[in-house]
Amino acid sequence: MDEFIRAALGFPTVLFTAALVVVLGFWLLVLCGAADHDGVGADSGSSALGIGGVPVTVPASLLIGLAWFTSLSGSVLLARTGWPGALVHFLGAALLFASVFLSWRVTRHLVRPLAKLFPDEPGPSRLDFVGLTCVIRTGRVDAGFGQAEVAAGDGATSLVQVRQHGSDPLTLGSTALLYAYDDAGEFFWVAPFDAALDPRG
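Heads up: these notes are all about the structure in this document.

Quick notes on the rules
- Residues numbered from 1 in each chain as written.
- Predicted model: local features only at pLDDT ≥ 70, side-chain atom pairs only at ≥ 80, totals over all residues.
- Heavy atoms only, no water.
- Salt bridge = Lys/Arg side-chain N within 4 Å of Asp/Glu carboxyl O.
- Helix = DSSP H or I, 4+ residues; strand = E, 2+ residues; numbered from the N terminus.
- Buried < 20%, exposed > 50% of the residue type's maximum accessible area, 1.4 Å probe, protein only.
- 1 Å grid on protein atoms, 1.4 Å probe; cavity = no way out; pocket = protein on both sides within 12 Å on 5 of 7 lines; lining within 4 Å.
- Points joined across faces, edges and corners; volume = space filled by probe spheres on them.
- Nonpolar A, V, L, I, M, F, W, Y, C, P; charged D, E, K, R; others polar.
- Contact = heavy atoms within 4.5 Å.
- Phe/Tyr/Trp six-rings, centres within 6.5 Å; stacked < 30°, edge-to-face > 60°.
- Lys NZ or Arg CZ within 6 Å of the ring centre and 35° of its normal.

## Things to note about the pattern of salt bridges
Where charged atoms of side chains with opposite charge meet at close range, the side chains can pair.
Next, step 1: Counted by the stated rule, this structure contains 3 salt bridges.
Next, step 2: Measuring nitrogen to oxygen at the nearest pair gives 2.7 Å for the salt bridge that ties glutamate 3 to arginine 80. Placement of the pair is glutamate 3 in helix H1 (residues 2–9) and arginine 80 in helix H3 (residues 57–81), with a sequence separation of 77 residues.
Next, step 3: Salt-bridge contacts for glutamate 149 lead to arginine 137; the nearest nitrogen and oxygen are separated by 3.5 Å. Residue glutamate 149 is located in strand S2 (residues 147–151), and its partner arginine 137 is located in the loop between strand S1 (133–136) and S2; the two are separated by 12 residues in the primary sequence.
Next, step 4: By relative accessible area, glutamate 149 is classed as partly exposed at 31%.

## Remarks on the layout of surface pockets
Next, step 1: For the largest pocket, the calculated volume is near 240 Å³.
Next, step 2: Around the largest pocket sit 14 residues that line it, and Ala7, Phe11, Ser75, Ala79 and Val88 are the ones nearest its centre.
Next, step 3: Of all the secondary-structure elements, those providing two or more residues to the lining of the largest pocket are H1, H3 and helix H4 (85–115).
Next, step 4: The class makeup of the residues in the lining of the largest pocket is 7 nonpolar, 5 polar and 2 charged.

## So, the environment of arginine 163
Next, step 1: The topology assignment puts arginine 163 in strand S3 (residues 157–163).
Next, step 2: Setting aside residues no more than four positions away along its own chain, arginine 163 makes contact with Val141, Asp142, Ala143, Gly144, Phe145, Gly146, Phe187, Phe188, Trp189 and Val190.

## Focus on the side chain of threonine 17
Next, step 1: The residue threonine 17 is located in helix H2 (residues 13–31) in this model.
Next, step 2: Once you skip the residues sitting within four places of it in the chain, threonine 17 turns out to touch Ala8 and Trp68.

## Some points on the packing of aromatic side chains
Geometry of an aromatic ring pair is reported as the spacing of the ring centres plus the angle between the planes.
Next, step 1: All chains considered together, the criterion is met by 6 aromatic pairs.
Next, step 2: An angle of 85° between the planes, with centres 5.1 Å apart, marks the rings of phenylalanine 187 and tryptophan 189 as edge-to-face. Of the two residues examined, phenylalanine 187 and tryptophan 189, each falls in the buried class.
Next, step 3: Three or more aromatic residues link up through ring pairs in this structure, and these residues are Phe129, Tyr181 and Phe188.
Next, step 4: Here arginine 163 stacks its cationic end above the ring of phenylalanine 187, 5.2 Å away from the centre of that ring.

Next comes the structure, spelled out in structure tokens:
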């Protein structure tokens, strides 16, 4: 245990130990809800190092954790060699840079699959349909019943629940405008749509 503590608090590992304490404190705050895991300049600068595509806190934590472990292991091995102090200090300086380099290489490999879990753009949402026209697919639409088919921007079509406030004649095959979405009821509010009034037409 004493050997571990001496290595963790000795040069060069002490530099990574201090950074690791900050990392552990940060993730503790995230677990407590007092901080956001991507709140620190998401992806800023990390792409240039080949570790982008995820919130910068993730590769930074991996980098520091791996560098600390590499430096700690190397320091323990150096201490056991019994070599002269000057040589051990020189190799300790080399170990500092080697730890950073090796942890960077390993972090690059670990971050690549993780980047797939953090897409650049948010996924499709039902709110994307608001403002689009749809084709009614039921015999009627009222305040409690109705379905319509709507085409997304990529051409895919979806069958959605629709409702209307009034008593406009929305029947099978008629065109309507989706103008709002009700989260609680999970349906769209629709109104009759006259293609002749479409400014895009």
